[in-house]
Amino acid sequence: MRFTLPFFLFVCAFGLAQDYYPKDYFGNPLDVTLVLSGSFAELRSNHFHSGLDIKTQQREGLKVYASASGYISRIKISHYGYGKALYITHPNGYTTVYAHLQKFSPEIETYIKKLQYEKESFEIEVFPNTEELIVEKGEVIAYSGNTGGSGGPHLHFEIRDNQERPINPLLFGFDVKDTTLPVIKEVYAYPMDKHSYVNKSNEKQKLRLLSLPNGDYTVENIQAYGKIGFAIESTDRQDLAYNNNGVYNIQAFFNGNKKIDIDFKRFSFDETRHLNRFIDYGHYKTKKERLQKLFIEPNNPLSIYKDSDNYGFIRVEDSTSSVYKVAVKDFKNNTSWLTINIEGKKEQDFKVKDSFVSSYYIHADKTNELLYNHISVEFYPETFYDDFYMDFSVSNDTIKLHDDTIPVKKHFKITYDISHYDSADAHKLYIARLVGYKQHPWYSNTTKEKNLMYTITDDLGTYALVTDTIEPTIRPINFKDGQWLSKYRYLKVKIDDEGSGISNYRATVNGKWILMEYDYKTKTLTHDFNDGIITETKNNLKVIVTDNVGNNSTFETTFYRK
Ligand SMILES: [Zn+2]
């Protein structure tokens, strides 16, 4: 039994580590006051925000410092997402992440450019070993920017544990001035079965919020009966900025008993998409408000629930009076309370909603296949959270797959048999999702295999086969054919594609590949002459751009330098 004691100690230490966060290990990655344009676990499209978005005074180019000593363990450059991103692994097992960077420090810039030229690709991902790029706490590692899917200059900063789970950086002692109370913007009550109702209705009810002078909230008293759940829309603002960020903790109590406790300390990337199960997804799609459900339905794999009683649902009996309270907190423990007084009243007649019925009933836990002539749609088990009647119809090559108000848990596959198209036409086809009021075709990643064409997608909605015969466009931005560019730092070209969109681009000078950085937001390709690749006086620039169905364009020009 001599192993018992050490093993027990190990378990204890591990247990402690779960909730211990060193408070002065990590330093501010910028030398400006921390003002956030985004908070940890803030509700975003299909994900919880995995870090802090730190404001950079509406500018790019601020020095970004290593938050603690360690080694650069990953460098990733992508057109979308994080843009230019650096990862530092620290001796204590945590990793810090810095994203949307404008450029890296000279040493890292040299390291990554060499690899980009070897691979002939702007997009790249590398995992340097522990000895290659060692950094000290406070060392400049990069400059802040707006690359990738960033909607304005800022630094996205993350701290991950040794299992790649993002943790709320504020737990590590970063201080953000906040004496401002969280705000509750909407409250809804949900009758959960056909015997339940709120204010004589079996449908979800918006409750009219009343703000109290001390910052708390109440609603007009409600009458209810049966199994009920609630949802709120809540946000938090900090003192030094006007934008709304996410809250830190939400608790609800029924007659003084805790019903649910939701906190945003840590999550894993595997679960982040299930944000769509936490919010009322259909409500979000139709009203753009993210209602946070204070109850847990089946098939909800989220780890944000610290505690719950009967999954957060309450049961209201006839002739009772009860009170439901919600406490919304920010990281600094500023707390807003909402009080809902409930009169239990059993009604003889109340409105029951008519639900949509079709001949396509989807069982969430089974494989479901929809077939129609040359089209098939396959849903694997657990593609959806709930069973439902699918609104499915086909007209020519357009498929109506319900609408996007039902969240998709896992991707599914749409396949077209295109053997009735002649091969010239078939080459120009792609699968598109028709979005918005104008039913604009949006390229859905399409694969062709013999006579089949398929896409794997995670949105319901309307899909169609669309033809793209239009070639991409390429035009110079800051120079003309035959021009001397000796004093120029950059070579800029605008590329665009109507229809299926740009799939790839390639630029050469006198036959040699040159690095051109692509920014999809400005549709610009930029070459930096400081790369030192262009050494001759007369230069022939050739840019080839290909769209997603394979249409391509070539642009050629001559410029001079000495
Ligand atoms: Zn961010």
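Look a little higher up for the structure.
Below you will find a few notes about this structure. The residue numbering used here restarts from 1 in each chain and proceeds along that chain's sequence as written. In view of the model being predicted, local features appear only for residues whose pLDDT reaches at least 70, and side-chain atom pairs are presented and counted only at 80 or more, with totals across whole chains, interfaces and linings using the full set of residues. As a rule here, side-chain values come from all non-hydrogen atoms in the structure, and water together with hydrogens is ignored.

Glancing now at the sheet that holds strand β35 (residues 429-435). What holds strands together in a sheet is hydrogen bonding between their backbones, with the strands either parallel or antiparallel. Pairing is antiparallel across the open sheet formed by five strands, whose spatial order is β32-β33-β39-β35-β36. Two strands close off the open sheet at either side, each with one partner strand: β32 (392-395) and β36 (440-443). Averaged over all pairs of adjacent strands, the angle between their axes in this sheet comes to 30°, without regard to strand direction. When DSSP locates at least two bridges between a pair of strands, those strands are taken to pair. Starting at the N terminus, helices and strands are each numbered in turn, a helix being any DSSP run of H or I of at least four residues and a strand any DSSP run of E of at least two. Inter-axis angles, ranging from 0 to 180 degrees, are taken between N-to-C directions of lines fitted to C-alpha atoms, where helices are fitted over the stretch in contact.

Glancing now at the side chain of Asp468. Tracing the chain through its elements places Asp468 in the loop between β39 (461-467) and β40 (473-476). Polar contacts involving the side chain of Asp468 include one to the main-chain amide nitrogen of Ile470, which spans 3.0 Å. Pairing of N or O atoms within 3.5 Å defines a polar contact, subject to two protein rules: one partner must be a possible hydrogen donor and the other a possible acceptor, and residues neighboring in sequence count only if both atoms are side-chain atoms.

Once that is clear, we can look at the packing of aromatic side chains. Between rings of Phe, Tyr and Trp, where Trp is taken as its six-membered ring, a pair exists when centres lie within 6.5 Å; planes separated by under 30 degrees are stacked, by over 60 edge-to-face, and by other angles tilted. The tally for this structure, following the rule as stated, stands at 30 aromatic pairs. Linked through ring pairs, Phe40, Phe48, Phe264, Phe267, Phe269 and Phe278 together constitute an aromatic cluster. By the criterion adopted, a ring carries a charge over it if an Arg CZ or a Lys NZ lies within 6 Å of its centre and within 35 degrees of its normal. When the ring centre of Tyr143 is taken as reference, the NZ or CZ atom of Lys103 above it lies at 5.3 Å. Across from the ring centre of Tyr188, 5.4 Å away, lies the NZ or CZ of Lys204, which sits over that ring.

What follows covers helix α2 (residues 106-119). Multiplying one less than the number of residues by 1.5 Å gives the expected span of a helix. Given a rise of 1.5 Å per residue, 14 residues ought to cover 20 Å, and the 20 Å separating the end C-alpha atoms of α2 matches this to within 8%. Among all positions in α2, only Ile108, Glu109, Ile112, Lys113, Gln116 and Tyr117 are buried. Buried positions in α2, seen along its axis, are confined to an arc of 155° and lie on one side of it. In α2, the exposed positions angled more than 90 degrees off the buried face are occupied by Thr110, Lys114 and Glu118. The first or second residue beyond α2 is Glu120, which carries a positive phi of 50°. For every residue, the accessible area (1.4 Å probe, protein chains only) is compared with the maximum for its type, and the residue is labelled buried under 20%, exposed over 50%, or partly exposed between those bounds. It is the directions from the helix axis to the C-beta atoms that the arc portrays.

A few words on the nonpolar core. Leu86, Ile141 and Leu541 are the most contacted members of the largest nonpolar core, which totals 64 residues. A per-element tally of this core places strand β42 (residues 502-509) first, with four residues. Here, residues are in contact when the closest pair of their heavy atoms is within 4.5 Å. Once residues within four sequence positions are removed from consideration, Leu86 is found in contact with Ile72, Arg74, Ile75, Thr96, Val97, Tyr98, Leu101, Phe104, Ile108, Ile141 and Ala142. Counting residues in each nonpolar core, the second largest holds 42 residues, with Ala189, Val247, Val326 and Leu338 among its members. Among buried residues, the Ala, Val, Leu, Ile, Met, Phe, Trp, Tyr and Cys ones that are joined through side-chain atoms within 4.5 Å form a nonpolar core.

Time to look at the sheet that holds strand β29 (residues 368-372). Across the sheet, which stays open at both edges, the five strands sit in the order β29-β30-β34-β38-β37 with antiparallel pairing between neighbours. With one partner strand each, in any of the chains shown, β29 and β37 (446-449) form the two edges of the open sheet. Here the strands of the sheet are splayed against their neighbours by 15° on average, with no regard to which way each runs. Examined bridge by bridge, β29 and strand β30 (residues 375-379) share five bridges and lie antiparallel to one another. Looking at β30, one finds that Leu370 is bridged to Val377.

Any carboxyl oxygen of Asp or Glu that lies within 4 Å of a side-chain nitrogen of Lys or Arg is treated as forming a salt bridge with it. The final tally for this structure, using the stated rule, is 29 salt bridges. When the shortest N-O distance is used, the salt bridge between Lys114 and Glu118 registers 3.3 Å. Of this pair, Lys114 and Glu118 both sit in helix α2, four residues apart, roughly one helical turn. The pair Lys114 / Glu118 is uniform in exposure class, with both members exposed. Of the charged contacts in the structure, one is a salt bridge between Lys265 and Asp263, with a shortest N-O distance of 3.3 Å. Residue Lys265 is classed as partly exposed on the basis of its relative accessible area of 23%. Look at Asp263 and you get buried, because its relative accessible area is 8%. Among the charged side chains, a network of salt bridges with common partners joins Lys258, Asp261, Asp263, Lys265 and Lys306.

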